[in-house]
Each structure stands twice: as structure tokens, then as C-alpha cells.
Amino acid sequence: MHQLAIALSRKGYQVTGSDDEIFEPARSNLEKQGILPSQTGWDPGKIHSGPQAIILGMHAKEDNPELRKARELGLTIYSFPEYIFQESRNKKRVVIGGSHGKTTTTSMIMHVLRGAGMQFDYMVGARLPGFEYSVSITDAPVIICEGDEYPASVLEKRPKFHFLFPHIAVLTGIAWDHINVFPTFEFYLEQFRIFIKMIEPGGLLVYNENDLVLKDLVQDDSSQIRKKPYSIPTHKVADGNTRILLEDHWKALSVFGSHNLMNIQAAWLVCRELGLSIETFLEQIASFTGASKRLELLAANDQTRIYRDFAHAPSKVKATMEAMREQFPDHRLIAVLELHTYSSLSAGFMKEYAHVMDPADKAVVFYSAHALELKRMPPLDGDYVKAGFATTGLEVISSAQELSQWLRSQTYHKTNLLLMSSGNYDGLDIVTFAKEIIANP
């Protein structure tokens, strides 16, 4: 939300806002733009008939006093994605959806288009090297959007990607997630059926045909759109390096893993639809190093590499683990996964993680009592975790201090360490830890 506020302010709009808490880097970013609220909290006195639009954040509650006042006055209220659509009605809209890989695929497309000199707007869910902000709204003719399936707002509980109406859409795969919102897989699946029907007539759907659930869903759809499948492209891995073959052209990459190779294939099909040549695409994609926390290399020496990744859902963990094993077959793999989301901390969901940690030589699952308390969830028994993951030798740790001690007790000779989480390991400073391990192998 703060990134959208900055984007609209930079476009020349008068922007004001409220929040009960404003953390870094949002505070500094808003202050730099000159739109940091003078005080935090909610004040219905700020809401009057002057604003042309109220944009409602996803986490605002229905009893929010400013929201109540806006509704009483009959003001126009948008959710985040509804407003993005209002700003992009006359643009060519590209929306990347799916249960996994959408941030990276969106970032790849952005990286290539920028390198090719194309003007475009964007909305992406991560920090990307070379882009100061994660939202840009200008007069560009194209907008690239990451399409989230999570509800748009407390007033609009439909998924965010239902409001964007793409001309070009990507679906990277479907794996049940957000069980607090979508209690059954069929209900979750229905959101993707609806998304496909919202592609503009004559538009293009690029989809991962390796995902058989998605493939069946696309083939059953009767929308008047073009459909282009993709899968893992031909590639070679040698000495920790990956080369890809696209349109009879070989190119060395800075990223790796089958999931990223598929993301690149999807990104190419989008960029081709936008008019780029294969030569331009490959020249630019070769320098793509990834979005923040997506197989991000924290530190390395000649014996050890330490990566962090946003992986938390079962399908994401599986893809990341397999990527590490394929890229570095001669190195030991130590993997640590933090359970942090509502789904991942639910005992009944634990079986969805069966065997995803198997590729590791040593595997740890970490979760904190603090995360459970914040989500108002019951305590989680470590035995449930071990039974669900079904990985031989899996260790379960629920104290940040114990996790720190465990990590420091390991041997990292010819070993890669993979740290997976959408949280922060209950405050453990993994960046400093990584640098210490590399400096003192």
C-alpha cells in the first residue's frame, strides 16, 4: 500500500493516508516522498467529501472508523487491485498468477523489458535489483502485474487477480494454499477457473502444462482466448552453472533450478507477445539474478554457499530443494524451513509437506510459539510435524536460540546451506550468521 501511495504521489496526485503502525522501510520511503502521516492511528475526521477515491488496504478491519466514515459519506472505495485496474484501463495488462513462481516470473519480465528499453508500469511483490519501488503507475502503455489469489480487502473478499482483466495472463501452477481463506482444494481451484474467464477476449493464456491439475483446468475452459503451454526447456547443468536452449539459441544463466527454467520459458512467451526478439530476451535474461529472497545467495566461499528463499508452501519448498540438489550434486545440503504462515502452522495441513525435505542431507523444521500466538493458533506438537513431513532424521526446533546453536554446530565443508522462510526465524539475524560462517569455515 505504501508503494502504491508513493507511485500515485510521483504521478502528481494528492495522496494522504493512515495506518495504526508504520514500520521500516515504509516509514523512510513515505517520509522521503513527503507523504508520511504526521501521526499514526485512525481519525474519522480525516475523511470528508473531498477525496476522489479511498483505497482500502487488505488488512483493514470492517469496523475501521475511517472506513465507516467513508461508507457513510458514500465515497468511492477501491481495493488495491480495483484501483490498479482503474489506472490501467487503457494499457495492455499482463498478469502473472499461480500458487508459486509468480513473483520471480513477474520480476524476470520486468528485468528484460527494462533492459530492452520498453516503457511499462508494474506491480510486484518483492524488491528487485534496479527498481527503486515495487509499484509504478505512469502513462506507460503496458502494465506488468503479479496476480495474487488472496482476498482483495475486507469489503471485496474475492481474490486480487479477479480484478485485473489481463490481455496476457500466465498461470505457473496450482497447489493448495491459504487454507484459512480457501478451506477446500476445490474452492481454491475455482478461483483459477474464474481468473481464466476474466482474460480479455482474444487474449493469451500462458500456462504450465507440467502441472496436470492446471492443464486439465485449462483444457476444460471454453473461453475465447489463445492458450500457449510451456514446460521445462532443454538445458545443461555443469560445474554449478546452467545453460538454457530457447528457439535454437543457447545462453548461460545467473539463476538455476527447473522451476526457474520454467519461469524463464513463461517470461519469454510473454515478452514475445509484447514484440521482443529471442536475441534481446536472452541477452537480458542472462543477467537476471533473482528477486529478493528467491534463492538469494547470502554469502559464499570456495567450499560453502548459503542461500535464503521465500519458500514456505509445500510446492515451493519441493521446487527449491530439488533446484539445489540438481545444481550442486556433489555438495552436501543442509536445509532449514521455518513454518510461519497460517497454513504451514496448521496441524491438519502438515501432511501436505510429506517428503519435501527428503533431498537434504540434514533437515530442520523451525517454528516459534510467538508466531502461533500472533495468529491466535493452538500450540503445535513437534511430533505432528515429524509425522507430516515424513523425512527420516528430521529435526524440529521451536527456539531461535536453539536453532542458532544448531546451525553453528554444523560442519560446512563442501556444503550448501538453504534457509527457507516467509518470516524471520523469530528475530534470528541470518545475514550476519551467513557472513560469519563463510568468514570462519
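Computed from a predicted model, the values in this text were never measured in an experiment.

Draft legend 1. Focus on the pairing of strand 6 (residues 142-146). Of all 5 residues in strand 6, 5 are buried, a share of seventy percent or more. Alternating residues of strand 6 divide into Val-142, Ile-144 and Glu-146 and Ile-143 and Cys-145, and every residue in both groups is buried. Relative to strand 6, strand 3 (residues 92-97) is paired through 5 bridges, and the arrangement is parallel. When the bridges of strand 6 are listed, Arg-93 appears paired with Ile-143.

Draft legend 2. Structural context of the environment of Thr-234. Turning to its location among the elements, Thr-234 is positioned in the loop between strand 9 (226-230) and strand 10 (235-238). On the basis of relative accessibility, which here comes to 46%, the residue Thr-234 falls in the partly exposed class. Thr-234 sits 12 residues away from Leu-246 along the chain, and the two C-alpha atoms are 7.6 Å apart. In contact with Thr-234, not counting residues within four places along its chain, are Arg-243, Ile-244, Leu-245 and Trp-250.

Draft legend 3. View of the packing of helix 1 (residues 2-11) against helix 2 (residues 26-33). Put simply, helix 1 and helix 2 touch, their axes get as near as 10 Å, and they point 10 degrees apart. Regarding the angle of helix 1 to helix 2, the classification is roughly parallel. Across from His-2, Gln-3, Ala-5, Ile-6, Ser-9 and Arg-10 in helix 1, the residues of helix 2 making contact are Ala-26, Asn-29, Leu-30 and Gln-33. Partitioned by chemical class, the residues of the contact of helix 1 with helix 2 number 4 nonpolar, 5 polar and 1 charged.

Draft legend 4. Expanded view of helix 5 (residues 102-115). For helix 5, which comprises 14 residues, the first-to-last C-alpha distance of 20 Å matches the rise-based estimate of 20 Å (1.5 Å per residue) to within 8%. The buried fraction of helix 5 is high, at 12 of 14 residues. By the burial criterion, the buried members of helix 5 are Lys-102, Thr-103, Thr-104, Thr-105, Thr-106, Ser-107, Met-108, Ile-109, Met-110, His-111, Val-112 and Leu-113. Packing partners of the buried residues in helix 5 comprise strand 3, strand 4 (121-123), strand 6, helix 8 (258-273) and helix 9 (278-285).

Draft legend 5. Just helix 4 (residues 80-87), in detail. The buried count for helix 4 comes to 6 of 8 residues, which makes it a mostly enclosed element. Of all the positions in helix 4, only Phe-80, Pro-81, Tyr-83, Ile-84, Phe-85 and Glu-87 are classed as buried.

Draft legend 6. Layout of the sheet that holds strand 11 (residues 241-246). Spatial strand order, 10-11-12: 3 strands in an open sheet with antiparallel pairing. Whereas interior strands pair on both sides, the edge strands pair on one side only; in this sheet they are strand 10 and strand 12 (249-252). Strand-to-strand twist in this sheet, taken as the mean axis angle between neighbours without regard to direction, amounts to 20 degrees.

Draft legend 7. Spotlight on unusual backbone geometry. Following Glu-24, the chain continues to Pro-25 via a peptide bond in cis, the omega torsion being 5 degrees. Relative to the assigned elements, Pro-25 resides in the loop between helix 1 and helix 2. Of note, Asp-239 is a non-glycine position whose phi angle comes to about 55 degrees, a positive value. Despite not being glycine, Asp-248 shows a phi value in the positive range, around 65 degrees. Tracing the backbone through its elements, the reader meets Asp-248 in the loop between strand 11 and strand 12. Assessed through its relative accessible area of 75%, Asp-248 is described here as exposed.

Draft legend 8. Looking closely at the packing of helix 1 against helix 4. Viewed as axis vectors pointing N to C, helix 1 and helix 4 meet at an angle of 25 degrees, and their least axial separation amounts to 12 Å. Classed by the angle they form, the pair helix 1 and helix 4 counts as roughly parallel. For the pair helix 1 and helix 4, the crossing hand works out as left-handed. Residues Leu-4, Leu-8 and Lys-11 of helix 1 form the contact with helix 4, whose own contacting residues are Phe-80, Tyr-83, Ile-84 and Glu-87. Considered class by class, the residues forming the contact of helix 1 with helix 4 number 5 nonpolar, no polar and 2 charged.

About the cut-offs
- Residues numbered from 1 in each chain as written.
- Predicted model: local features only at pLDDT ≥ 70, side-chain atom pairs only at ≥ 80, totals over all residues.
- Heavy atoms only, no water.
- Buried < 20%, exposed > 50% of the residue type's maximum accessible area, 1.4 Å probe, protein only.
- Helix = DSSP H or I, 4+ residues; strand = E, 2+ residues; numbered from the N terminus.
- Pairing = 2+ DSSP bridges.
- Contact = heavy atoms within 4.5 Å.
- Axes fitted to C-alpha atoms, helices over the stretch in contact; angles between N-to-C directions.
- Parallel < 35°, antiparallel > 145°, perpendicular 65-115°, else oblique.
- Nonpolar A, V, L, I, M, F, W, Y, C, P; charged D, E, K, R; others polar.
- Expected span 1.5 Å × (residues − 1).
- Left-handed = near helix turned anticlockwise from the far one by under 90°.

Everything listed here is a matter of coordinates, which is why it stays silent on function.
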